[in-house]
Amino acid sequence: MKYHEFVATVRQRGEYASAADAEEATRAVLGVLAARLTPDEARDLAGQLPHGIAEILQESREPTLRLSVHEFLQRIAAGTGATSRTAEWDAFAVLSTLAEAISDGELNDLITQLPSGYAALFGNPA
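Residues numbered from 1 in each chain as written. Predicted model: local features only at pLDDT ≥ 70, side-chain atom pairs only at ≥ 80, totals over all residues. Heavy atoms only, no water.

A.B. asks: Provide a residue-level description of the side chain of Glu 106, including the pertinent values.
C.D. replies: Its place among the elements puts Glu 106 in helix H7 (residues 104–113). This buried residue, Glu 106, is left without a salt bridge; Arg 43 holds the nearest opposite charge, at 10 Å. When near neighbours in sequence (up to four residues on either side) are disregarded, Glu 106 contacts Glu 41, Asp 44, Leu 45 and Gln 48. (Helix = DSSP H or I, 4+ residues; strand = E, 2+ residues; numbered from the N terminus. Buried < 20%, exposed > 50% of the residue type's maximum accessible area, 1.4 Å probe, protein only. Lys, Arg positive; Asp, Glu negative; His and termini not counted. Salt bridge = Lys/Arg side-chain N within 4 Å of Asp/Glu carboxyl O. Contact = heavy atoms within 4.5 Å.)

A.B. asks: Account for the pattern of salt bridges, naming residues and giving values.
C.D. replies: Considering all chains together, one arrives at three salt bridges under this definition. A salt bridge links Arg 13 to Glu 100, with the shortest nitrogen-to-oxygen separation between them at 2.4 Å. With Arg 13 in helix H1 (residues 3–14) and Glu 100 in helix H6 (residues 84–101), this pair connects stretches of sequence that are 87 residues apart. Take Arg 13: its relative accessible area is 26%, and that puts it in the partly exposed class. Looking at Glu 100, the relative accessible area reads 48%, which means it is partly exposed. A salt bridge links Arg 85 to Glu 88; the shortest N-O distance between them is 3.5 Å. One end of the pair, Arg 85, and the other, Glu 88, are both in helix H6, three residues apart, so they sit about a helical turn from each other. On the basis of relative accessibility, which here comes to 51%, the residue Arg 85 falls in the exposed class.

From the geometry alone we can't say anything about function, so treat these as descriptive.
Here you go:
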């Protein structure tokens, strides 16, 4: 998946008014996700994403944080100034697109590193 395809898919799923809004949601969600991943997992994940998206995962300098889904969504909301419901909408739009952009093996590795409850945000009911 190319950068513009990733953003276009996020825009469609999130029903954003513009590509810039979809890019902002992508940056917010992946920025918080990156803080949750180990450096090795962030690097592996970034290796399967298009230029422009991959860099978001590599920008995080925070230590690996253990965030529940609720805390994850709160951080997204705080970063965007949105409600927690909007943050959940943003997270689903971005993470379900991410799930389509990476291999099944990488998606499985990613989901198994996260606490229960995250899978639904990736479009995976498990």
